[in-house]
Amino acid sequence: MSHQPTDSKRLLSYTIAEWACALKYEHLSPEAIQAAKLFWFDSIGCALGGSQQEDAKILLKHHRAMAGETVAGRADPGPASPMPATTGKGNATAFVSGFKTNPVDAAFLNGHMIRAMDYNDIYWKADPCHPSDLIAAPLALCESEGLSGKDLILATIIAYEIEMRLCEIGRPGVREYGWHHATLSAFAAPVAAGRVLDLTPEQMVSAIGISASRTFCPGAVTAGKLTNMKNTVDPWAGRMGAESALLAREGFSGPEEGLFAVFHHVQYKGQPATFDGEGLVKDLPTSPKSHYRILDCGMKSFPIEALSHAPLTAMMKALKEHNLKADEVKEIKVEVIARAADILGDPHKYRPDSKETADHSLPYCMAVGLVDGMVTPLQFKEERVLDKSLIPIMDKIKVVANEEFEALFPKFQPSRVTITTNDGKSHSTRVDVPKGDPRDPMTEEEIAVKFTTLGGDVIGKDQCKKLQSFIMSIETAKDLGGLFELTTAR
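Since this is a predicted model, take the numbers as computed values, not measurements.

Scoring rules and cut-offs
Residues numbered from 1 in each chain as written. Predicted model: local features only at pLDDT ≥ 70, side-chain atom pairs only at ≥ 80, totals over all residues. Heavy atoms only, no water. Helix = DSSP H or I, 4+ residues; strand = E, 2+ residues; numbered from the N terminus. Rg over C-alpha atoms; globule rule 2.2 N^0.38 Å. Buried < 20%, exposed > 50% of the residue type's maximum accessible area, 1.4 Å probe, protein only. Contact = heavy atoms within 4.5 Å. Areas by Shrake-Rupley, 256 points an atom, 1.4 Å probe, with all protein chains shown as cover. Core = buried A, V, L, I, M, F, W, Y, C linked by side-chain atoms within 4.5 Å. Salt bridge = Lys/Arg side-chain N within 4 Å of Asp/Glu carboxyl O. Phe/Tyr/Trp six-rings, centres within 6.5 Å; stacked < 30°, edge-to-face > 60°. Pairing = 2+ DSSP bridges. Axes fitted to C-alpha atoms, helices over the stretch in contact; angles between N-to-C directions.

**Student:** Run through the overall build of the chain, naming residues and quoting values.
**Tutor:** When helices and strands are counted, the chain shows 21 helices and 14 strands. For 490 residues, the compact-globule formula gives about 23 Å, and the C-alpha radius of gyration of the chain, at 22 Å, lands near that figure. If you line up the chain on its principal axes, its C-alpha atoms span 70 × 60 × 40 Å. The buried share of the chain, reckoned over its 490 residues, is 59%. Across the chain, every contact between residues at least 6 apart in sequence was considered, and the portion connecting residues at least 24 apart equals 74%. Surface accessibility of the chain: about 19200 Å² in total, with carbon and sulfur atoms responsible for 53%.

Have a look at this one:
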């Protein structure tokens, strides 16, 4: 990850590896520890809901079949029965089903469940990221290695720190020249996984190289008509992090640098793309008095793409304030930053035919919010996404880029929604900081409502309360067996 490949001591991968290997639980701040627990609370809630998504069911069925699991003499049909006749063999557990497998596959299955609804955390600077896409890997390794809740918290905070820093240093971000941020996740995931395995700095550098060598990801997964891979590429990077760390522990080697070598020659709008290598490793936290990046990450109050939150919040505020009904609305003009218009307002997004496209469609999210008065997981059921009565409503949504707003991003996520009614009146509302941003954070009580909404029908409301108690005191857990007992449907 450096411009000086001839001098190993100056490689950024070594600086990161040495920092991660030296960091201990005692070095963490109380605020960072509390944040890690809240993000796990939010993430497991997302996973419980995500387990019910069709792509999660396909993946579980596939991995059960690959493990040779059978039910009544035939291939397991999937998770219709949470605890089938056989539950697999291994020392790591998949959420909800209780399926036992190896930690690499468990990291992938659980990471995908966290991501499946696009409802998990969000951080967006030069590039976006969802750090919780990666934390299932250290969880699986902590379980398989018999480690404690403190070990998990330490690895979680490391995952957030490196993932979020990688999203800050592009000039511009990798998305602007055709790559997906899972490319960056491939460099962060093995650091967190490697810390769980107590790798040496040299082993950690190899783990980074092994992972990154296999996980450069094209931006096509979030462009136009979206597929199941949209929710899969980042959890796959987490999987690669777990496997790469395990391989490095056994002595398998990987390259020491590569990210900058790939991108430093790229031109963007006539200028060379660059990375702020010094910024990547500047002031890495080392004590309870340090600032940890996890405190800067946000959560989602809607199960939709992150840049949709501000405009949707603005519209819902305007509807409530002026007591407007769907049949009174003639047009809704949505002003957002250019990348939001590009991602969320292209022609495919006006005719979504899948959940994956719908939750990245600003016209759909605004239309269904206008008609239903809410945007929850229910609004992304197949029958609702395919409801043709929403088409004329979506066509009322005009998504435009606002250059003034562009200058304010990423410090703010400005959006202005102007609703014009049939009688010619206009109502404008602007939102710069969506709910869930660290400046307007979700409280534990608000996360609990989201958690129970997602998990109540999957594991039961009583079990949801027990899970909350376990997660919010996870630093006291000697091992994580109790966590998986509570995340398994009965």
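**Student:** Quick rundown of the nonpolar core? Include the residues and the values.
**Tutor:** Core analysis: the biggest nonpolar cluster contains 110 residues, and Leu28, Ile44, Leu166, Ile294, Leu467 and Ile471 have the highest contact counts within it. The next biggest cluster of nonpolar side chains, apart from the first, holds 44 residues, and it includes Leu324, Ala341, Met366 and Ile419.

**Student:** Would you mind going over the pattern of salt bridges in detail, with residue names and values included?
**Tutor:** Oppositely charged side chains can form a pair if their charged atoms are brought close together. Under the counting rule described, the total for this entry stands at 32 salt bridges. Asp353 is the salt-bridge partner of Lys225, the closest N and O atoms lying 3.4 Å from each other. Of this pair, Lys225 sits in the loop between α8 (201-213) and α9 (233-249) while Asp353 is found in the loop between α13 (338-344) and α14 (355-358), placing the two residues 128 residues apart along the sequence. When its relative accessible area of 51% is taken as the criterion, Lys225 is described as exposed. Judged by its relative accessible area of 40%, Asp353 is partly exposed. Between Arg339 and Glu406 there is a salt bridge, and its shortest N-O distance comes to 3.4 Å.

**Student:** Summarise the packing of aromatic side chains; cite the residues concerned and give the values.
**Tutor:** Centre-to-centre distance and the angle between the planes together describe a pair of aromatic rings. Applying the stated criterion to the full structure yields 8 aromatic pairs. Here the aromatic rings of Trp179 and Phe216 are separated by 5.7 Å at their centres, their planes lie at 85 degrees, and the arrangement is edge-to-face. Linking Trp179 in the loop between β7 (170-171) and α7 (182-196) with Phe216 in the loop between α8 and α9, this pair joins segments that are 37 residues apart in sequence. Classification of Trp179 as partly exposed rests on a relative accessible area of 26%. By relative accessible area, which is 28% here, Phe216 ends up partly exposed. A network of ring pairs unites the aromatic residues Trp179, Phe187 and Phe216 as a single cluster.

**Student:** How would you sum up the sheet that holds strand β13 (residues 415-421)? Please name residues and give values.
**Tutor:** Spatially, the 4 strands line up as an open sheet ordered β12-β11-β13-β14, and their pairing is mixed. Every interior strand has two partners, whereas the edge strands, β12 (397-401) and β14 (426-431), have only one. With strand direction ignored, the average angle separating the axes of adjacent strands in the sheet is 15 degrees. Sheet analysis places β13 next to β14, joined by 6 bridges and oriented antiparallel. Paired with Ile419 across the two strands is His427, which belongs to β14.

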